[in-house]
Amino acid sequence: MNLILLGAPGAGKGTQAELLAKRLDIPTISTGNCLREAVAAGTPLGLQAKTAMETGKLVPDDVVNGIVKERLAQDDCRKGFILDGFPRTIPQAEYLEKMGVRIDYVIDLEVPDDVIEPRMTGRRVCEKCGAPYHISRYKETTCAKCGGKLAPRADDKPETVRDRLRIYHEQTEPLKDYYGKAGTLRAIDGNREVPEISRQIIEAVEA
Ligand code: AP5
């Protein structure tokens, strides 16, 4: 099954992608994680992406398109995949289509803006594997999965979060209409408990 997780920054895409990947036994492709790895490694791609990411702007389409094309060509994606945070603009969605990639469902996690900010400012992310946690639910300072150190993300400052939300509404939200017309969009209330959202997503994709 080929899935896209759509939603505002902090809507819970990463959290749900991880649960869904386990359940469906398919890999998750997070363009955000790929870009953060490139930034941490100081590669040319990382240097290109760093400023845009830290200021909450989108990385140019051709850069992320290239990452996704390369990743989708790997063997483990043959049985299906979850795209977390891609596409994020209409040209990115058109690129997927031009590549001939079939999408079964686009899961749109709906969360009001005023719920997003505390989620982001309380988020801690594993510096090694990227797993997200929230300080209200997880009190440890190391990752439960790999033991990596947990830290806030550079783009989770309140002013950057506001910019990311603005950009989401301007550039990413039009994708709801795009995939709505394609008949693949499934809207899910993302302002609930994590297991309940997960249950709704499974219901939508296994119906
Ligand atoms: P990316 O890493 O993809 O960030 P994002 O889309 O802004 O989304 P987040 O990772 O912030 O949030 P999420 O929805 O995954 O939520 P999470 O599960 O972590 O991208 C970062 C940057 O990279 C972009 O700004 C851009 O610069 C660049 N980039 C990436 N892809 C790109 C693309 N395609 N094109 C161009 N540029 C691109 O949850 C958030 C917090 O909330 C966590 O603490 C979590 O524990 C908590 N939480 C989750 N679910 C719930 C719940 N149900 N109730 C309460 N708390 C919850």
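The rules behind the values
Residues numbered from 1 in each chain as written. Predicted model: local features only at pLDDT ≥ 70, side-chain atom pairs only at ≥ 80, totals over all residues. Heavy atoms only, no water. Phe/Tyr/Trp six-rings, centres within 6.5 Å; stacked < 30°, edge-to-face > 60°. Near = heavy atom within 4 Å. Polar contact = N/O pair within 3.5 Å; in protein donor to acceptor, adjacent residues only side chain to side chain. Areas by Shrake-Rupley, 256 points an atom, 1.4 Å probe, with all protein chains shown as cover. Helix = DSSP H or I, 4+ residues; strand = E, 2+ residues; numbered from the N terminus. Nonpolar A, V, L, I, M, F, W, Y, C, P; charged D, E, K, R; others polar. Buried < 20%, exposed > 50% of the residue type's maximum accessible area, 1.4 Å probe, protein only. Pairing = 2+ DSSP bridges.

The subject of this paragraph is the packing of aromatic side chains. Scanning the entire structure with this criterion turns up two aromatic pairs. Ring centres 5.0 Å apart and planes at 80° place the aromatic pair tyrosine 178 and tyrosine 179 in the edge-to-face group.

This paragraph deals with the site of the ligand. Taken together, 35 residues are adjacent to the ligand, and Thr15, Lys57, Arg88, Arg123 and Arg164 come closest. Glycine 12 is positioned with one of its backbone polar atoms (N or O) 3.0 Å from an oxygen atom of the ligand. Lysine 13 is positioned with one of its side-chain polar atoms (N or O) 2.9 Å from an oxygen atom of the ligand. Taken by itself the ligand offers 1,000 Å² of open surface, and the protein chains cover 95% of this. Within the residue set of the shell around the ligand, elements represented by two or more residues are helix H1 (13–24), helix H2 (31–41), helix H6 (113–121), strand E6 (132–134) and helix H9 (194–206). The element contributing the most residues to the shell around the ligand is H2, with four residues. Looking at the shell around the ligand residue by residue, the classes come out as 14 nonpolar, 10 polar and 11 charged.

Turning our eyes to something else, we now look at the pairing of strand E4 (residues 105–110). On a regular strand, each side chain points to the face opposite its neighbour's, so the side chains alternate between the two faces of the sheet. Burial of E4 is extensive: five of the six residues sit out of reach of the surface. In this sheet, E4 lies alongside strand E1 (residues 2–7) in parallel orientation, the contact comprising five bridges. Note that in E4 the partner of leucine 5 across the bridge is isoleucine 107. Pairing geometry for E4 and strand E8 (residues 185–189), over five bridges, is parallel. Of the residues in E8, the one forming a bridge with valine 106 is leucine 185.

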